[in-house]
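# Fold and geometry: a report
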Amino acid sequence: EAGGGGVRGGGRVTPRAGMVGVVWVPARASLALGAGPDAFGWLVAMDGVVLLLALADLATRPDRNALAVERKVGTIASIGKPHHVVLTVIHRGRRARTITVRDGVPSPLGADRDRFALALAARCRSSVTYQLLPRRRGAFVLALVFIQAPSRLGLWKRLFSLPVTSCVNVYP
């Protein structure tokens, strides 16, 4: 069964660890400059540069319609036997992008890989494969694929959940 989907909602944007390093520069400079008469002007200028850098990098986060995912997986699996899955990420953006992909595998199924790092060229498709490892019988729905995409300078990251529904029935 194959499923496909576009971005659900706009995704959540949060700062990454690199932002701490950028913000630390004016904080450290304030300690070095002390309370001299020229310190205030320099600190305001550095804060302005940091703010402009952060806002410029925020504008490079991935567009909500730039990514889609398809999943190919057989509908019948057996307990204890690996079951092949292919995730294909479609990148419609005009610039190359690095992302991390994680499939929303229910815990009774399990998987041999948790995350995949992908370097996507502009307007490309990239596929990853992994094995489901069913632990118990039943009908399971794989409903979401999670994408984490950093901004160009890496100060921000956007987290997406993309709806891609597939059903797997596990038998003994």
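The shown structure was predicted, so the numbers you read here are calculated from the model rather than taken from an experiment. Here, residues in each chain are numbered from 1, in the same order as that chain's written sequence. In keeping with the model being predicted, local features are shown solely for residues with a pLDDT of at least 70 and side-chain atom pairs are shown and tallied solely at 80 or more, while totals for entire chains, interfaces and linings include all residues. Note: side-chain values were computed over all heavy atoms of the structure, leaving out hydrogens and water.

Time to look at the confidence of the model for the chain. Parts of the prediction with low pLDDT should not have their coordinates interpreted in detail. Along the chain, pLDDT gives the predictor's confidence residue by residue, from 0 to 100. Confidence along the chain averages 85 in pLDDT terms, with 83% of residues attaining 70 or more. Contacts are assigned to residue pairs that have any heavy atoms within 4.5 Å of one another. Confidence drops under pLDDT 50 across residues 1-9; counting only partners more than four residues distant or on other chains, this segment forms 37 contacts.

Below, the discussion takes up the pairing of strand S7 (residues 116-120). Here S7 shows one buried face, formed by Phe116, Leu118 and Leu120, and one open face, formed by Ala117 and Ala119. Strands are treated as partners if at least two bridges between them are detected by DSSP. Secondary structure counts use DSSP, requiring at least four H or I residues in a row for a helix and at least two E residues in a row for a strand, with both numbered from the N terminus. Of the pairings in the sheet, the one linking strand S6 (residues 97-103) to S7 comprises five bridges and is antiparallel in character. For Ile99, the partnering residue across the bridge sits in S7 and is Leu118. Here the term buried applies to any residue with accessible area under 20% of the maximum for its type, exposed to any over 50%, and partly exposed to those in between, with areas from a 1.4 Å probe on protein chains only.

To count toward a patch, a residue needs a relative accessible area over 30% and no salt bridge; like charges are then connected within 9 Å, while nonpolar side chains (Val, Leu, Ile, Met, Phe, Trp, Tyr) are connected within 5 Å. Residue burial considers only the protein chains on display, and all accessible areas are found by Shrake-Rupley using a 1.4 Å probe. Salt bridge, as applied in this entry: a Lys or Arg side-chain nitrogen positioned within 4 Å of an Asp or Glu carboxyl oxygen. Counted as positive: Lys and Arg. Counted as negative: Asp and Glu. His and the chain ends are not counted at all. By convention, the point assigned to a charge is CZ for Arg, NZ for Lys, CD for Glu and CG for Asp. Judged by side-chain charge, Arg94, Arg95, Arg123 and Arg152 come together as a positively charged surface patch. Residue position: Arg123 is located in the loop between S7 and strand S8 (124-132).

Another aspect to go through is the pairing of S8. In S8, alternate side chains face the same way, and those of Cys124, Ser126, Val128, Tyr130 and Leu132 are buried while those of Arg125, Ser127, Thr129 and Gln131 on the opposite face are not. Pairing geometry for strand S5 (residues 83-91) and S8, over nine bridges, is antiparallel. Bridge pairing links Ile90 to Arg125 in S8.

Turning to the environment of Asp103, a few remarks are in order. Inspection of the secondary structure assignment puts Asp103 in strand S6. Residues Asp103 and Arg113, ten residues apart in the sequence, show an inter-C-alpha distance of 9.4 Å. Beyond its immediate chain neighbours, meaning those up to four positions away, Asp103 contacts Arg71, Val85, Leu87, Tyr130, Leu142, Leu144 and Val145. A distance of 2.7 Å separates a polar atom in the side chain of Asp103 from a polar atom in the side chain of Arg71. In the analysis that follows, any N or O atom pair within 3.5 Å is treated as a polar contact, provided that within protein one partner can donate a hydrogen and the other can accept it, and provided that, for residues neighboring in sequence, both atoms belong to side chains. Looking at Asp103, its side chain comes within polar contact range of the side chain of Tyr130, at 2.4 Å.

This brings us to the nonpolar core. We call a set of buried Ala, Val, Leu, Ile, Met, Phe, Trp, Tyr and Cys residues a nonpolar core when their side-chain atoms join them within 4.5 Å. By size, the foremost hydrophobic cluster in this structure holds 27 residues, and its most contacted members are Val69, Val89, Ile99, Val101 and Ile147. Of all the secondary-structure elements, those providing two or more residues to this core are strand S3 (67-73), S5, S6, S7, S8, strand S9 (138-150) and strand S10 (156-171). Residues Met19, Val22, Leu155 and Trp156 belong to the second largest nonpolar core, which totals six residues.

Turning next to the packing of aromatic side chains. Under the pairing criterion, centres of Phe, Tyr and Trp rings, with the six-membered ring standing for Trp, must be within 6.5 Å; the plane angle then separates stacked pairs below 30 degrees from edge-to-face pairs above 60, leaving the rest tilted. Following the criterion strictly, the structure yields one aromatic pair and no others. With a centroid separation of 6.0 Å and 40 degrees between ring planes, the pair formed by Phe116 and Tyr130 is classed as tilted. Residue Phe116 is located in strand S7, and its partner Tyr130 is located in strand S8; the two are separated by 14 residues in the primary sequence. Of the two residues, Phe116 and Tyr130, both sit in the buried class.

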